[in-house]
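Observations on the model geometry
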Amino acid sequence: MSDSTKAGLRRRGLLGAAGATAAITGFPRLGFTQPRQPIKVGVPTILSGRVAQLGISSRNAMQIEVDAFNAAGGLDGRPIELVVRDSRGTPAEAARLAREMITSEGCEFLLDAEASGGGFAVHEVVRETGTVTLHINSETSSLTADPRQRFWNAFRVARQGVHDSIAGGHYAAQVARQRNLRRWMTISPDYAYGRDTTAEFVEFARSFNSDIQVTGETWPRLFQPDYTENITRLSQGRPQAIYSCLWAGDLVTFVEQASIFGLFAQSQFFAVNMADYTTLQQVRNLPRGVHSGNRYLKNFPDVPGNLAFANEYNRRFNVFPTNWSWQAATGVRLLTTALRQVGGTDPRAVAAKLKGMTIESPFGAEGSVTMRAEDQTLVGYAIGWGTTVSQDPFVENMQKADWAMILRLEAEWKRAKGWG
Amino acid sequence: MGFARDAGWALAALAVFIGLEFIGLRSAGFVDFVIRFATFGLLALSLNLLIGTAGLVSFGHAAYFGMGAYAFGLLMQTGQWSIPAAILAALAATALLALVVGALCVRLSEIYFAFLTLAFQMLLYSVILSWISLTGGDQGLMGGIPKPVFLGIDLARQEHLAAFGIFCLLVSAVILRQVLRSPFGAALRMLRDNPDRAAFVGLSVFRYRLAAFVIAGTFAGLAGVLMSLYVSGAFPTFAFWTTSGEAIFMIMLGGVSVFLGPLVGTAIFLMLNDWITALTEHHGLFLGAILLVIVLGLRKGLLDVIVEHWRARKEKQP
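All figures in this text were calculated on a predicted structure; none of them were measured in a lab.

1. Some words on the overall build of chain A
- Along its length, chain A carries 15 helices and 15 strands.
- The dimensions of chain A, computed from C-alpha atoms along their principal axes, are 100 × 45 × 40 Å.
- Across the 420 residues of chain A, 52% fall into the buried class.
- Summarising the internal contacts of chain A: among those between residues at least 6 apart in sequence, 66% fall at separations of at least 24.

As structure tokens, this is what we get:
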């Protein structure tokens, strides 16, 4: 009994001595060799389910940019650490994750890579917490156009629905005039994005060319597997042109099924979301001559920086970037530029720096993009329309949209909405 | 006597929670967990009044969760309502919805009842998606929910919201417990076990089931109110079938036959969810596998097994 007690005491004594030695000799050394505290950036996004590509391609692009920032020394030695979590597209879970990232995991900034529903949930969380947040995927115009949605710490680094609609409407009106396309029909997904974007496209197309008449419309459900009913309706309507804002897998399925029915032989097809590699490379027989807006193309803008980004992304992840990728990369570039200019992470100072900031960008229409001060949304990014070909580069004859026109009409649109 | 004891337990639980907050467990993560536990715990507890007590498996319980959230959010966004008044109005609206849907559903039983409740839930979900001018459609109720201070309670502060959520959960639990202990609760159990016999002794199957349906729906509406306060908005997924499915899963995990079973199931489900989400991107695969092992391994809720085991040991003792 006494022996074991002594042994226990000896063991404890030994452990105590070892601990004291470590404290005296080791801990100060640890203090010298430890890297500086990382700047944690939370990324709530969708990594599973049918739109997992949204989160995966956003995260991949962010990682490329963050690695480059960290390799260049970070912010005075402080690297950025991305904290990426899967909300599965559920707004309540997106809100929880955002809150948890801020309060429990110590994230100082958020790069919100949710789709619109989750994005608005995150928006409300950061309205309360005052965390500087860059929404990188939500294209819903009201997120920044509606003054009630604006506050000092929220920014959008994504294309905006109304910008695309103005550019698309202008392009479509020109083509309609050249080819005398008067009878139009639409096929778009039956939810807010589909209905809003289609309405805005038609409104702007008709404002540029009043001869355009929409003679019918059909609204498939989101993620609908069979479009026979919609294609039949379009065929019976015999339109000269069809507009669609279907996207990703839905657009692939529709184009493949519509090709079998010969729909594109009788009508010109305008698909705003076609020119993205996730769609272009998945359609088995990509029809020639489909009119599309650019989502992401490595040759539009045709500048070395854009091609280098696409090649680096392809080298690391074995696929090409998506629309969400260039937006995510731009988000990181804006944030890191602001951090460097501020020389710290003070949220008010970083937000003030982001407001109105212009950075050089390979994704800009003229080599730069701007975080517009008045509504904290991105402008000046490359928008263009062209026609598809079956092989790489997949889209040719790209026509660049005029940003002066977009900004003028956007201002009128805002005034008409009472948001001016 | 029963009420006094339940109220005593509830007060003790509230004191424990407040104590935990003061002795250093006041981390934001803990506070967030408490809010979500109160919300989903209340949803599961209310659903168990139908499943566990009345024997009515509803697949459409999230309809009332969604209704509570949207009604409260819309009222608060007008800027004309105080929080208590808006909560009462939201509960009244939810109760009315449950009364209308229940009147059509409770005449049916088993699979027909389950699917009709699911159909009404999906109808409400479609209305939320389609009525964009009112609900914001698939983007949800935007613009935030104002939270004016009342009685010194500031629900914009997470600690206050957590305490308020726990208070709502405990008060609801005490009320639901009294419902179960009352003759009304005994009648529901009789209807569950043998509805024909209950009808023969003169009980109105329709009225008792409808009353249970409305009570359960109203408390689910309160859970929806808490959820809308937590995320400062309301979203169509609140009224989607997956929310009902999660509530059923919480009940299955914790136990159907023990009153506190749904709360235990809620705690397990939320902890697993949070832990797995932080560890892996393959959330569904891991959560599904773990839940499968638990369900197949226990074949009952956790609390059901524990209580059965405890009773068996007690009976063996001389």
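2. Topic: the confidence of the model for chain A
- Across chain A, the average pLDDT comes to 89, with 92% of residues at 70 or higher.
- Of the regions scoring below 50 in pLDDT, residues 18–33 of chain A engages in 1 contact with residues more than four places distant in sequence or in other chains.

3. Here we look at the interface of chain B and chain A
- With 25 residues of chain B in contact, the opposing surface of chain A contributes 26 residues.
- Of all elements in the fold, only α2 (28–53), α10 (205–231) and α13 (283–298) of chain B reach the threshold of two or more residues within the side of chain B that touches chain A.

4. Overview of the environment of Gly-249 of chain A
- Locating Gly-249 of chain A in the fold gives a position in helix α9 (residues 248–260).
- When the C-alpha atoms of Gly-249 of chain A and Thr-279 of chain A are compared, they prove to be 7.0 Å apart, with 30 residues separating the residues in sequence.

5. Some remarks on the domain arrangement of chain A
Residues and elements named next belong to chain A.
- Here the domain parsing of chain A yields domain 1 (39–159 + 303–379) and domain 2 (162–301 + 384–417).
- The distance between the C-alpha centroids of domain 1 and domain 2 comes to 27 Å.
- Listed by partner, the interface residues are 20 residues for domain 1 and 17 residues for domain 2.
- Mapped by element, the contributors of at least two residues to the side of domain 1 that touches domain 2 are α12 (304–317) and α13 (323–342).
- The residue inventory of the side of domain 1 that touches domain 2, partitioned by class, reads 10 nonpolar, 8 polar and 2 charged.

6. Looking at the pairing of strand β8 (residues 241–244) of chain A
Residue and element names in this part refer to chain A.
- Of the two faces of β8, the one carrying Ala-241 and Tyr-243 and the one carrying Ile-242 and Ser-244 are both buried.
- One ladder, built from 3 bridges, connects strand β6 (residues 183–187) with β8; its direction is parallel. Paired with Trp-184 across the bridge in β8 is Ala-241.
- The pairing of β8 with strand β9 (residues 268–275) spans 4 bridges and is classified as parallel.

7. Points about the pairing of strand β14 (residues 384–388) of chain A
Residue and element names in this part refer to chain A.
- Counted residue by residue, β14 has 5 buried out of 5 residues, so it is predominantly covered.
- With 3 bridges joining them, strand β10 (residues 291–294) and β14 adopt antiparallel strand pairing. Along β14, the bridge assignment pairs Ser-292 with Gly-386.
- Here β14 runs beside strand β15 (residues 395–400); their pairing, made up of 4 bridges, is antiparallel.

8. What about the environment of Ala-275 of chain A?
All names here are of chain A.
- Looking at the secondary structure, you find Ala-275 in strand β9.
- Sequence spacing of Ala-275 and Ala-113 is 162 residues, and the spatial spacing of their C-alpha atoms is 21 Å.
- Leave out the neighbours within four places in its chain, and Ala-275 touches Leu-280, Ser-292, Gly-293, Asn-294, Arg-295, Leu-297 and Val-395.

9. As for the nonpolar core
- Core analysis: the biggest nonpolar cluster contains 213 residues, and Ala-98 of chain A together with Leu-47 and Phe-65 of chain B have the highest contact counts within it.
- At 16 residues, the largest contribution of residues to this core is made by α10 of chain B.
- Counting contributing residues, this core receives three or more from each of domain 1 (39–159 + 303–379) and domain 2 (162–301 + 384–417) of chain A.
- Excluding residues within four positions of it along the chain, Phe-65 of chain B makes contact with Leu-43, Ala-220, Ala-223, Gly-224, Met-227, Phe-238, Ala-239 and Thr-243 of chain B.

10. Overview of the packing of α2 of chain B against helix α11 (residues 241–254) of chain B
Residue and element names in this part refer to chain B.
- With their axes 9 Å apart at the nearest point, α2 and α11 run at an angle of 75 degrees to one another. Relative to α11, the element α2 lies roughly perpendicular. Contacts between α2 and α11 pair Phe-40, Leu-43, Ala-44, Leu-47, Asn-48 and Ile-51 from the former with Ala-247, Ile-248, Met-250 and Ile-251 from the latter.

11. Side note on the sheet that holds β8 of chain A
Residues and elements named next belong to chain A.
- One open sheet accounts for 7 strands, arranged β7-β6-β8-β9-β10-β14-β15; its pairing is mixed. Both edges of this open sheet fall to β7 (213–218) and β15, since each of them pairs with a single strand only. Direction aside, neighbouring strands of the sheet carry axes that sit 25 degrees apart on average.
- Each of β6, β7 and β8 touches helix α8 (residues 228–237); the most contacted strand, β7, lies at about 160 degrees to it.

12. Focus on the confidence of the model for chain B
- Averaged over all residues, the pLDDT of chain B is 87; the fraction at 70 or higher stands at 97%.
- Both confidence scores are given for the complex: pTM 0.79, ipTM 0.70.

13. Here's the deal with helix α5 (residues 110–130) of chain B
- Taking 1.5 Å per residue as the helical rise, α5 of chain B with its 21 residues ought to reach 30 Å, and the 31 Å between its terminal C-alpha atoms agrees with that figure.
- Buried residues along α5 of chain B sit in contact with α3 (62–77), α4 (83–105), α6 (132–135) and α11 of chain B.

14. Here's the deal with helix α12 (residues 261–279) of chain B
- An ideal rise of 1.5 Å per residue puts 27 Å on 19 residues; α12 of chain B measures up with 27 Å between its terminal C-alpha atoms.
- Those residues of α12 of chain B lying buried are Gly-261, Pro-262, Leu-263, Val-264, Gly-265, Thr-266, Phe-269, Ile-276 and Thr-277 of chain B.
- Considering only its buried residues, α12 of chain B is in contact with β2 (80–86) of chain A together with α2, α11, α13 and α14 (302–316) of chain B.

The rules behind these values
Residues numbered from 1 in each chain as written. Chains lettered and ligands numbered in written order. Predicted model: local features only at pLDDT ≥ 70, side-chain atom pairs only at ≥ 80, totals over all residues. Helix = DSSP H or I, 4+ residues; strand = E, 2+ residues; numbered from the N terminus. Buried ≥ 20, exposed ≤ 12 C-beta atoms within 10 Å, placed from the backbone. Contact = placed C-beta atoms within 7 Å. pLDDT = per-residue confidence, 0-100. Domains from an automatic or database assignment. Nonpolar A, V, L, I, M, F, W, Y, C, P; charged D, E, K, R; others polar. Pairing = 2+ DSSP bridges. Core = buried A, V, L, I, M, F, W, Y, C linked by C-beta atoms within 7 Å. Axes fitted to C-alpha atoms, helices over the stretch in contact; angles between N-to-C directions. Parallel < 35°, antiparallel > 145°, perpendicular 65-115°, else oblique. Expected span 1.5 Å × (residues − 1).

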